[in-house]
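This is what each chain is made of:
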Amino acid sequence: MSAPQSNTQNQSPYSSANEAVRAELSVIDASIRSAALFFVISAITWLMIGTVFALLTAFKSHDPDFAGAYEFLTFGRVRSAHLNAMALGWGNNIIFAVGLWIMARLCRAPINHKGILLIAGVFWNIGLTVGIVGILMGDLTSVEWLEIPHYATPLLAISYALIGVWGVMAFRFRKGDHVYVSQWYILAALFWFPWLYVVAQIMIIWFPARGVVQSVTNWWFAHNVLGLWLTPMALATAYYLIPKVLGRPIYSYYLSVLGFWALAIFYNWAGVHHLIGGPVPVWLISAGIVASIMMVIPVIVVGINHHMSVVGLHKEVWRSPTLRFIVFGAISYTLVSIIGSTMALRTVNEVTHFTHFTVGHAHHGVYAFFTMIMFGGVYYMMPRLLKREWPSATLIKLHFWACALGITIMVVALQVGGWIQGLEMNNAEIPFIDTVQNTIPWLKARSVSGLFLTVGHIAFAINFFWMLFAAGAVRAKQGPTLLDDSKEGGAA
Amino acid sequence: MDAESYTDLIPLIFLGVVFFTVAISALYWSAKKGQLKNFDSQAKTIFTEEEPEGEVSDSFPSKKKHHKEA
């Protein structure tokens, strides 16, 4: 399994006292293979299901009668089903695949207790299936981001906790001396998220606090799903794969650590900016706004670091499927975060609040940033897990262009349309119904963007399952790694 | 069951304090263990014999085949 030892070992800059006990990456990949595959297959399945709900939701928003004859396909239900299928089905499964794989590699030890991961994965997907069916049947709660009915959430909470336990154990038995910045992000996210989820469940669903406390808890949770779960996992992937693919260390490791701790300190406070103008103590909102603006620090730090890491190597970025997606995601991170900080200002929020601008912003973050980076992670991970090539370069390019164009159209349409909608809603001379009707062209543009994304997702799914099942048809890898064949010392 | 008063949430507040303590301890631990020193060498820990520094390790499948034929 392991690669032949090359004669350069003694001069290796990576050697240390621990060298003898560290595992080869290919051995680690093999140890996490079945768990990671399970999670990727689940993630892609949920991605496709979520895409169907997304299209239904998008069409219904400008054509309310579309598929309106069935109770379970009414707007409120398919919208929530879309959100949960994407955030918890696609998002979490792909995090469990890519994030945990990176964690295992950085710990430099083959993983133990694969059973924990598989049990957590089965619980997770059963709980989520029950939850989504519950949402479609009308059992959804009225709390955004926590719509899953109460009978499904304990399964999800147990699953989160198991994954967290696995992460701590993987870290405890690591063989490397140094904790790389991606490990910080992943460990922190594994530590934060079960906490966020359990507290939100307790204070909103199980023993609900009343009044403003409930809404503050709601937005503390909802914003932190993005900030303390999806964001750190995506940044961990970018911090691992950008230098990894390019073969060049990150531009400034110092800045990356600074960025991590700044995010850890500021992000948790920011969520209440969703309640600007609401009946919430002003000091609380102000603290949230300050934290939202302070997020500019980690964002700029990460942006500079990622930019300087790829500078001069743009051709290599373009030639790598992984980096095409990841760099798109990293650029989106800078943009979406700066826009997000701006939206937290009271004067800007007066316009954007209650409009499609916010919807555009959410997709900018979760799709253009998080999802694109995770696509990149899958493109790097799968050949190493399966020791096979991706069968079709054309499908990868189709995937990239459909998704990149689609999400760009969506964000521009919703944010331009949303801004106009906000200005009109603030103008007392314009009747409310006009402000609604004026959004329809922008919502149609959003539906078109949804079709682009659907094409991209189908291309991705075809390529993935082709790779997975058509084993004989695809050229098997010769060695344990996927180095560029044109260079000497490539695949052994 | 509703939480009628903030005192019902004291266990949760206590857990929050524990949570915060863990976070501060992590920062303290990382400083003590030298995680915040020698940044340049630490950035290289992701490279190994199999995927070494200085080599691009990802490209489109067709590109690879092309290189092989060449």
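Scroll up for the structure.
Keep in mind that what you see is a predicted model, and the values were worked out from it rather than measured. (Residues numbered from 1 in each chain as written. Chains lettered and ligands numbered in written order. Predicted model: local features only at pLDDT ≥ 70, side-chain atom pairs only at ≥ 80, totals over all residues. Heavy atoms only, no water.)

### Things to note about the overall build of chain B
Right, on to step 1. Secondary structure assignment for chain B yields 3 helices and 0 strands.
Right, on to step 2. Each helix and strand of chain B, placed in order from N terminus to C terminus, yields the pattern α-α-α.
Right, on to step 3. Looking at the 70 residues of chain B, the share that counts as buried comes to 36%. (Helix = DSSP H or I, 4+ residues; strand = E, 2+ residues; numbered from the N terminus. Buried < 20%, exposed > 50% of the residue type's maximum accessible area, 1.4 Å probe, protein only.)

### Looking at the packing of aromatic side chains
Right, on to step 1. Under the defined criterion, the tally for this structure stands at 45 aromatic pairs over all chains.
Right, on to step 2. When the ring of Phe59 of chain A is compared with that of Phe66 of chain A, the centres are 5.4 Å apart and the planes differ by 75°; the resulting orientation is edge-to-face.
Right, on to step 3. The exposure class assigned to Phe59 of chain A is partly exposed, which follows from its relative accessible area of 23%.
Right, on to step 4. Ring pairing ties together the aromatic residues Trp90, Trp318, Phe325, Phe328, Tyr367, Phe375, Tyr379, Trp390, Phe400, Trp401 and Phe460 of chain A, which thus form one cluster.
Right, on to step 5. Geometry around Tyr380 of chain A places Arg384 of chain A over its ring, the cationic atom sitting 3.6 Å from the centre.
Right, on to step 6. When the ring centre of Phe60 of chain B is taken as origin, the NZ or CZ atom of Lys397 of chain A, which lies over that ring, is 5.1 Å away. (Phe/Tyr/Trp six-rings, centres within 6.5 Å; stacked < 30°, edge-to-face > 60°. Lys NZ or Arg CZ within 6 Å of the ring centre and 35° of its normal.)

### A look at the side chain of His364 of chain A
Residue and element names in this part refer to chain A.
Right, on to step 1. Its place among the elements puts His364 in helix 13 (residues 356-386).
Right, on to step 2. For His364, a relative accessible area of 7% gives the class buried.
Right, on to step 3. Non-local contacts of His364, meaning those with residues more than four positions away in its chain, are made with Ser332, Leu335, Val336, Ile339, Phe369 and Val411. (Contact = heavy atoms within 4.5 Å.)

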